[in-house]
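# Observations on the model geometry
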Amino acid sequence: MPELPEVETIVRDLRPRMVGKRITAATLSKTDVLRKVSKPALLKFLRGSRITAITRRAKHAVFHFAGGRRMVISLGMTGALVVYNRALTPDEVKYSVLLLELTSRSRFVYRDIRRFGAIYLLDQAAWTKYDARLGPEPLDPAFTPEVLGAQLAGSRAAVKKVIMDQAKVVGVGNIYANEALFTARIDPSRPASSLDGREVRALHRAIVAILERAIKAEGTTFRDYRTGTGQPGSYQLRLNVYGRGGEPCRRCGHRLVTTHSIDARATTMCPWCQG
Ligand SMILES: [Zn+2]
C-alpha cells in the first residue's frame, strides 16, 4: 500500500500539472469508493471547478478547490493517481475509477484494481474533523523525538504496531516501519513504552531519514504503485529488511527472519542486530 513517500511523490508530480487548471469533464466509473458524497453530487461539483492546490496529509492526496472544499483520495492497496499530457490508451483507462479532463490534452486518472481506496468530498468543517483524527506528520519540524516519545510512552503494544497507528504518527506503513526499526536496532515486538530515551531518539532519526530517502527515490514499487507520471519508484532496491526474509542481514550477515506475530502483518528483522 502506498505510504508517505509514495503519496508525497504522487502529489509532487500532480501539483505542477494540475494546480490552476479547470476540470472540463469528469467521469466516475465505480461508486463503491465514495464516502460522504453521492456520484451526482461529486460530478456536479467537479465539472467546471478549478484546482487551487494539491497537498498530502498522512497517506492521502488532498485536492483543494476555491471555496474551501477538498476532495481527498485515499489509495488503499492498489490505487494509483496519474496525470498524462495526452489521450489515454485503453490499458491506462482500465480499472479507472475517476477520470478528469483538465484541458483537451491533460487527463488525470485514479485507477484502483481492488478498490480498497476511497474518495471523500469535504467542506471546511468535515475536513477539520477528518484532519483531527490523524496523528502528527513525521516530516513536520514539530515532530520531535519528544513528540514520538510521548506517543510511545502511553502504549504497551508492540512498537511496530504503534508507529503504524495513524492516530499516533501518520504515513508509516509496513514497509517503512520494518526499515526504521532495523536502522534503529530495535526489536519490533518490544512494548512501545519500554523504549528508553536513546532508543526513542534513534527511532525518530531512522523514521525521518528513511522517509526522506524514500521520497528522493520516488517511493517503493513492488506491484501497483506508480508515481504521478506513471513511472515505478526505486526505493525497493535499497530496502534492508522488508521483503528480504531468509536473506543475509546487510549489517552482520546473519539470516533475516520473517514472522506474522504483530498484527498479522509480515515483520522482517535481524535477530542479532535487533535483539
Ligand atoms: Zn544483522
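On a predicted model such as this, the values are computed, not experimentally measured, just so you know.

Further remarks concern helix H8 (residues 197–216). One turn of the α-helix equals 3.6 residues, which is why residues spaced by three or four share an orientation. When the terminal C-alpha atoms of H8 are compared, their 29 Å separation across 20 residues agrees well with the 28 Å that a helix rising 1.5 Å per residue should span. On its buried face, H8 sits against helix H1 (4–18), helix H5 (145–153), helix H6 (159–163) and helix H7 (174–183). With a side-chain oxygen positioned 3.1 Å from the backbone nitrogen of Arg198, the residue opening H8 is Asp196. Phi turns positive, to about 60 degrees, at Glu218, one or two residues after H8.

Our next topic: H1. Between its first and last C-alpha, H1 extends 20 Å over 15 residues, near the 21 Å set by a 1.5 Å rise per residue. Burial within H1 is extensive, with 11 of its 15 residues counted as buried. Inspection of H1 places Leu4, Pro5, Glu6, Val7, Glu8, Thr9, Ile10, Val11, Asp13, Leu14 and Met18 among the buried residues, and these make up the whole buried set. Where H1 is buried, its residues touch strand E3 (51–57), strand E4 (60–65), strand E6 (79–84), strand E8 (107–112), H7 and H8. Among the residues trailing H1, Gly20 stands out with phi positive, at a value near 90 degrees.

Glancing now at the packing of H5 against H8. Relative orientation of the contacting elements H5 and H8 amounts to 115 degrees, with a least axis distance of 9 Å. It follows that H5 is roughly perpendicular to H8 by the angle criterion. The handedness of the crossing between H5 and H8 is right-handed. Judged by residue contacts, Pro145, Leu148, Gly149 and Leu152 of H5 engage Val200, Arg201, Leu203, His204 and Ile207 from H8. Looking at the contact of H5 with H8 residue by residue, the classes come out as 6 nonpolar, 2 polar and 1 charged.

Taken together, the protein ligands of the zinc ion are Cys249 (SG), Cys252 (SG), Cys270 (SG) and Cys273 (SG), with distances of 2.3 to 2.4 Å. The sequence pattern describing where the donors of the zinc ion fall on their chain is C-x2-C-x17-C-x2-C. In this pair, Cys249 sits in the loop between H8 and strand E10 (257–262) while Cys273 sits in the segment after strand E11 (265–269), placing the two residues 24 residues apart along the sequence. The class for Cys249 is buried, based on a relative accessible area of 5%.

Okay, the sheet that holds E3 next. Judged by pairing direction, the sheet is mixed, and its 5 strands sit side by side in the order E2-E9-E5-E4-E3 without closing on themselves. Taken across any chain shown, the strands that pair with only one partner, and hence form the sheet edges, are strand E2 (34–35) and E3. Bridging between strand E5 (residues 70–74) and strand E9 (residues 118–122) involves 5 bridges; their strand directions are antiparallel. Pairing of Met71 across the sheet is with Leu121, part of E9. Against the sheet, H1 contacts E3 and E4, and its axis sits at roughly 170 degrees relative to E3. Along the sheet face, helix H4 (residues 124–132) touches E3, E4, E5 and E9 and points at about 130 degrees away from the line of E9.

Our focus in this paragraph is the pairing of strand E7 (residues 96–101). Among the 6 residues of E7, 5 are classified as buried, and the element is accordingly described as predominantly covered. Two strands pair when backbone bridges link them, and strand E1 (residues 25–28) and E7 are joined in this way by 4 bridges, in the antiparallel orientation. When the bridges of E7 are listed, Ala26 appears paired with Leu100. Taken together, the 5 bridges between E7 and E8 define a ladder with antiparallel strand orientation. By the bridge assignment for E8, Leu99 is matched with Val109. Taking the residues that link successive antiparallel strands as the turn, the E7-E8 hairpin has 5 residues.

Each aromatic ring pair is described using two quantities: the centre-to-centre distance and the angle formed by the ring planes. This model, assessed by the stated rule, comprises 6 aromatic pairs. Aromatic side chains Phe45 and Phe65 sit 5.0 Å apart centroid to centroid with 80 degrees between the ring planes, which places their arrangement in the edge-to-face category. On the criterion of sequence distance, the pair formed by Phe45 in helix H2 (residues 39–46) and Phe65 in strand E4 is long-range, its members being 20 residues apart. One exposure class covers both Phe45 and Phe65, and it is buried. Centre to centre, the rings of Tyr176 and Tyr235 are 6.0 Å apart; their planes meet at 45 degrees, and the pair counts as tilted. With Tyr176 in helix H7 and Tyr235 in the loop between H8 and E10, the pair connects residues that are 59 residues apart, well separated along the chain. In terms of burial, Tyr176 and Tyr235 fall into one category: buried. Through successive ring pairs, a cluster of aromatic residues spans Tyr120, Trp127 and Tyr130.

The rules behind the values
Residues numbered from 1 in each chain as written. Predicted model: local features only at pLDDT ≥ 70, side-chain atom pairs only at ≥ 80, totals over all residues. Heavy atoms only, no water. Helix = DSSP H or I, 4+ residues; strand = E, 2+ residues; numbered from the N terminus. Expected span 1.5 Å × (residues − 1). Contact = heavy atoms within 4.5 Å. Polar contact = N/O pair within 3.5 Å; in protein donor to acceptor, adjacent residues only side chain to side chain. Buried < 20%, exposed > 50% of the residue type's maximum accessible area, 1.4 Å probe, protein only. Axes fitted to C-alpha atoms, helices over the stretch in contact; angles between N-to-C directions. Parallel < 35°, antiparallel > 145°, perpendicular 65-115°, else oblique. Left-handed = near helix turned anticlockwise from the far one by under 90°. Nonpolar A, V, L, I, M, F, W, Y, C, P; charged D, E, K, R; others polar. Donors = N, O, S within 2.8 Å, 3.2 Å for Na, K, Ca; no water. Pairing = 2+ DSSP bridges. Phe/Tyr/Trp six-rings, centres within 6.5 Å; stacked < 30°, edge-to-face > 60°.

Remember, this is a structural readout, not a statement about activity or role.
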